[in-house]
Structures are given as structure tokens and as C-alpha cells.
Amino acid sequence: MPLFSEKVARLWILWDVRLLVLLSLVLQVILIIFGARRKIIARSWIRILVWSAYMTADWVATVALGNLASSQLGDPGWKTNLEAFWAPFLLLHLGGPDTITAYALEDNELWLRHFLELVVQVGVAFYVILRSWSNSAISFINIPMFISGIIKYGERNFVLRSSSTKYFRDSLPSRPDPCQELVTVVEEDMTGKIFQESSKGFTVKVHNDIAPKDYYIVQAYFCFERFKYIFANLLLDDKERKCIVSTFTDKINAVDAFKMVAVELGFIYDVFYTKAAIVYSQLGIFLRCISFICSLSALVVFSIIIDVQAYSLTDISITYLLLAGAVLLEIYAFLLLLFSDWTKIWLIKLLKKETSKTLVGRLWRFISDSAPLLSNRRRWLGSIGQYNLLSSCLRKVQPAYIGVQKLPFVGESLDKYWHLNREDVNMNIVQETIFDFLKKHGDLLNGLEGSELIRDYFFTLRGNFTLQKWYGEGFLYRWCTVDIEFVDSLVIWHIATDLLYYGDLDGKGDVSTLDPKCKVSKYLSDYMLYLLEFCPFMLPQGFGVIRYKEVCAEAINLFKEKRLDDIPKESKVCKDLLERYPDQINDESFGLMIMGENQSLLKYGCKLSRQFQELEYIDRQRKWEVISEVWAEMMAFAAHSCGWKEHVQQLRKGGDLLTHVFLVMAHFGLIKQYTGHKLMQSTSPTFEEERKVILEKYVEMLKEREGNIEHV
């Protein structure tokens, strides 16, 4: 017995190509609209939609093209129908929109596979056109659309190859672009400034004839030309470091700094995931003009010569949709190109040439006047993920949706995403805290002779530097920072931050009355746990990830001991934890933890919170200032340790705060990709002692810069 009736089978034979062609057009519309949105918005539904469309688009176009080549072999009316005219449009769709060529970095590495597909699909389309060729005007309209399809498909393969790791690195010149049309690099005498590592420095000055409102985008483009080397896993010399550092002047604030970094990351995203490598070039503009003229001419000629009596109304309607869709997508892509940061840079360069000032000036005024919102548009949504260990474990004990966790394959992921929160985060105070921390150390380290002996070592302390600065060596906080794995340290500090946060919240009763540093500590704590839960590849790896799962299981078991109809809130849970784990941890217990045994991270989180509570009676305000700075130092360590590929991968998910922090660190000269930074890998007692002396000296200099800090 056939699965489908004969009527359904005939209907599918009649409509299979038509449905596939229409679906291919719809997928192109989705990709061109949402392909650009994913670098701004980190919403899961956008990622799922773009991923589904990206993975389906090539398959649908390939199947439709294959059906065109095979389904009409025995059709005597093959030369008189319109289906053969649809083959070039499928090539056009296989070329994809300008806004997305690769969904992930791995797609760029598969450029050779795509090139083979290009050869095969162009051959199939040519076969369809050749077999259906006749002296009718429809056959001749195939030519411009076929040319347009080859251009689009060829562009995609060229960009995939250019963005692959090997060819991207090989394409970089020995020296970064000096950007002489935009800026002047001035060598200055730095004599008289304290702690300068040499008497010479370099300053990047934007040309005077460039409007002040465009300074940030010019400086961002200048830095982007250098950051390309960092994202190609190459090094920059000391001159380039000084030039990049000079783009962050003393007057810049956190908002402007992160705004500038967002522009730079937008350039980097375009290079790896879009057709920017060819579109924003003279060749790309020339090809874009040819493609648009071919599509528009085909639409006009088809509208004039079409005989509506000779073809079915359905086929004529589908053909009009394909032609109009091709033209409208070209116009939409042109508008995106016109109002992009790349075009702004191109126009600024042309405005400096006398021969083109009139035309370019009018175009520049048109863009500025017609799209004021675009000049201030958000390059990054500025939201961060928030995931809390105690809250998520409480909800797992009594889930809002019964049975979701038991769903095969997707249950655990859905449950995690229900506990994810991106709302109610004051990004201004978060950015200010991180920026102030990095600026403080960047300004001092960049002016300190022999700073390369401290920079890399500084970021290995993971919070201990801040604790040493405030409390001295006597408090022995190394047990919760550098003496254990980073993930263990992260979880302990996350638990302790929660215990202290809800303790203060119970005392005040209102979140709005809490210390801003308290809120920042909570935001950063939940954000770092979000990275551990959803983006563990961005953090240093080790056995800590396994112990994190163990502490989650331990917390769930503890909460299950409560009555299920009376699950306590977070504040009540924090009190219960402090009661369950009394302060009975001695030096022997610390030793066991450091050796990898006795790993109850809940217990050690309680221990850490008690240490701060014991200090609270001396200085209540200091507690949250110290904790927020510890979290900033831990985040800087994570950004410093994360590989460039992991940072670029996150750009396709709306960008991540950690990647923005990484580039802010680069602006302050605090990354290891600058030459002169020596990894501190020696373990000799002499070297360790020298490093300790240098660090103590740096602490004293920092305290002198900030003002006298008395140890508790």
C-alpha cells in the first residue's frame, strides 16, 4: 500500500520545484535581515532562526536545481515553460546575502568544499539553461541572471577563502596599515612624565579636517587594522602598542571606550562572517553594480516581453517574485553598505581629495541628514547573561515546568535557558568598574620601566593582587585565588558573593538601597557563572568544571531535604548554608582542597563569606569595593587567557562582555600579544623572589597613586 495517494503524489510532482524555489527565496530574506542582527542581539531565537535558515538554504537551492535538471527530461514542453529560467536564481541564492557568509569560523575553513560545490552547481545551472535554449527572448534573459548568479556565488567562495585562518594571516602585510589618510602618528618626548619606560612615545592624532564627531570611528578603524594581527594570533611591536594605547586619552570615559571597542568588533565581525572582504572594495562595488544592473534589466525586459497567454499564471507569478526579490535584496544590501561604518571611513578618505570633494561631500551630507539614527546606533546591545548557582538549583528542585528536564536531548538545555537572565543589569556601572580597574593598572604599567616583568604575572594572580593590596600578605587569601584552579576559585567567590549580597539585602530590604559596588559584584559574579555554564570554552579548562557539577548536585540534594511545598528563597537558603557549614575549616582542610580532595565548594564559599563578615565591623564600605575589584581582576584574567578564536566565535552570538573587556585591555597595553611581554614560567627560587619584590614595589606605587590604603 503506497504511503501517499496518487493524487498527493501528482500534486507533489507538479509543485516540488515551485515550492522549493519559493522556500529558497524566503530563506534568503531571513538571512539578509537577521544575519546582520545576530552580531548585535544575543537572543536565542535569532540564533536558532539564522542557524536553521543558513543550514537549510544551500540544501533547498541544491535540491531545487537538481530537480530542474532531472524532472523535465521527458517533458516535450521543456523549451516553452519558465522553470529553466529559475536556475540562475538558485545560483544567486547559493551565493547568499552580504550579511552572512559563514555561520561559524569552521565554515571559513571549508572554503575548498564550497569551491567544489560552486563548480558543480554552476555546471548544473549551465546544463539546464543550455538544454532549454531556444530563440525566445526568455532564453536570452537567462544570460544576465546567470552572470549575476556566478558573481554572487563566486564572491561567497572568495570571502570564505579570505577569512580562513591560513589565508587571513597570509593576507596581512608585514606592517599594519598606517592609515595616513586619516591620522598622523607623532613621536613625542615623554620626559617629565612619571614612570615612563622610555623618553619617547607615539601619539595618534586625527587629521584636523575630520569632524570631531567622527574621531571615534577613525580611531576605531586605525586600531582595527592592528587588532587584525591579534585575531590572526600574531604579535605587535612596542610602537604599535604605544599607538593603540594613545587612542584612549585621559579624558575618555567608560561609555566612550566601550562604544569605540564595539565599532572595532563590528569591523572584525564583518571580516570573518560577511562579504566585507570584497564588498567594501573597488572590485566589490564594480561587481555589485554589474549584479544590480543584470537583475534590474532582467526584470524590465521580462515585464515587457512576457506573453501571459503562453505560460501559466502560477509560473509567471513565481518568476516575478524571484525577479523582484533579486532586485529588492540588491537594494537592501546597497542600503546596508551605504550606511555602514566601512562606507563612513571610505567617504572620510575621499573627502580629503580635492577632485571628489563636491560629489562625496553631497553624499556624506545625505547620509548624515537622512540617517541620523545610524550614526548613533548601537553596535552592541550591551546586555550580559546572568546565571546564579543557588537560584538555578532551587528551581531544579521545584521546576516551573514539570517534566521539562526529562525531555530527551533538549531537556537539560531548555532547563538551563529558562534559568538564564539578561534583564535588570545596569551596564553603566559594570563598564565603569571594569574600565576604572583596567585604566588604573594600564596607566601605571605602561609608564613603568620593565613593566613586561609584571603584566603577564599580574593576570595570573586572579584576584589575589587586589586582596594583597587591601589586606596585605597576612590574611592568606591565596587559598581561594591562586592556589586552586580558576573554576574552583570562581565558584567559591560566586557562593561567597551570594551569601554576602543576600545578607546585606535582608538588612536593608530594598535592592535600590544597596551599595553600587555590591550590585556590580553581584552582576559580575552571575556573569562569570554564566560563562562557566554556557561558554566554558572561554575560561581556563581543568577539573574545576567537574567539581562545579558536583557542587550543583550537592546543593540540589541539600534543597531536596526541605519540604517541596515550602522551597525557601535565596536569602533563606544562604542562612541555611551558613548554619549547615560552621566555621570548622583549618589549615589541614585547605591543604586537602589544594591537593584536590575534600572538594565541598559550598563549604569553602561559606568560609570566604565569614572572612569578609569578620572584617565588616572595621570598614563596611571597603568590603564591596574589594569584592568588585576582585571580580574585575578575575574577569581580566579570563579575557587575558581566552584564545582569539573563542573571542571571535562569540561575536556571532551578539558579542560578549568578555570580548569587549579583552579589547579594552588591548587599548591599555595589557595583553600578551604585544612583543616584550615575557611569560613568567620560571620556578627557580631566585626568580620567584625577584618577581615578589617587583610585585611588592608595584603595590606600593599603586597605593601611592590611589592614595594611602591602610591594611586591616
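Definitions and limits used
Residues numbered from 1 in each chain as written. Predicted model: local features only at pLDDT ≥ 70, side-chain atom pairs only at ≥ 80, totals over all residues. Heavy atoms only, no water. Helix = DSSP H or I, 4+ residues; strand = E, 2+ residues; numbered from the N terminus. Buried < 20%, exposed > 50% of the residue type's maximum accessible area, 1.4 Å probe, protein only. Salt bridge = Lys/Arg side-chain N within 4 Å of Asp/Glu carboxyl O. Phe/Tyr/Trp six-rings, centres within 6.5 Å; stacked < 30°, edge-to-face > 60°. Expected span 1.5 Å × (residues − 1). Contact = heavy atoms within 4.5 Å.

Quick word on unusual backbone geometry
Link 1 in the chain: Of note, N233 is a non-glycine position whose phi angle comes to about 65°, a positive value.
Link 2 in the chain: Structurally, N233 is set in the loop between α8 (215-230) and α9 (238-246).
Link 3 in the chain: Its relative accessible area of 47% is what places N233 among the partly exposed residues.
Link 4 in the chain: One non-glycine residue with positive phi stands out, namely R462, at about 55°.

Remarks on the pattern of salt bridges
Link 1 in the chain: Applying the stated criterion to the full structure yields 28 salt bridges.
Link 2 in the chain: The partner of D237 in a salt bridge is R175, with the nearest N and O atoms 2.4 Å apart. With D237 in the loop between α8 and α9 and R175 in the loop between α7 (165-171) and β1 (183-189), this residue pair connects regions lying 62 residues apart in the sequence.
Link 3 in the chain: We classify D237 as partly exposed; its relative accessible area is 26%.

Some details on the packing of aromatic side chains
Link 1 in the chain: Applying the stated criterion to the full structure yields 28 aromatic pairs.
Link 2 in the chain: Aromatic side chains Y221 and F267 sit 5.8 Å apart centroid to centroid with 80° between the ring planes, which places their arrangement in the edge-to-face category. Residue Y221 is found in helix α8, and its partner F267 is found in helix α10 (residues 254-273); the two are separated by 46 residues along the sequence. Here Y221 matches F267 in class, with each residue buried.
Link 3 in the chain: The rings of Y221, F224, F267, Y280 and W342 are connected pair by pair, giving a single aromatic cluster.

With respect to helix α12 (residues 282-305)
Link 1 in the chain: Between the first and last C-alpha of α12 there are 34 Å, a value that for 24 residues agrees with the 34 Å anticipated at 1.5 Å per step.
Link 2 in the chain: Taken residue by residue, α12 has G284, L287, R288, S291, C294, S295, A298, L299 and F302 as its buried positions.
Link 3 in the chain: Those residues of α12 that are buried are in contact with α6 (137-163), α11 (276-279) and α13 (313-338).

Regarding the environment of L82
Link 1 in the chain: You can see L82 is positioned in the loop between α2 (44-70) and α3 (87-95).
Link 2 in the chain: Beyond its immediate sequence surroundings of up to four residues, L82 is in contact with I138, F302, Y311, D315, I316 and T319.

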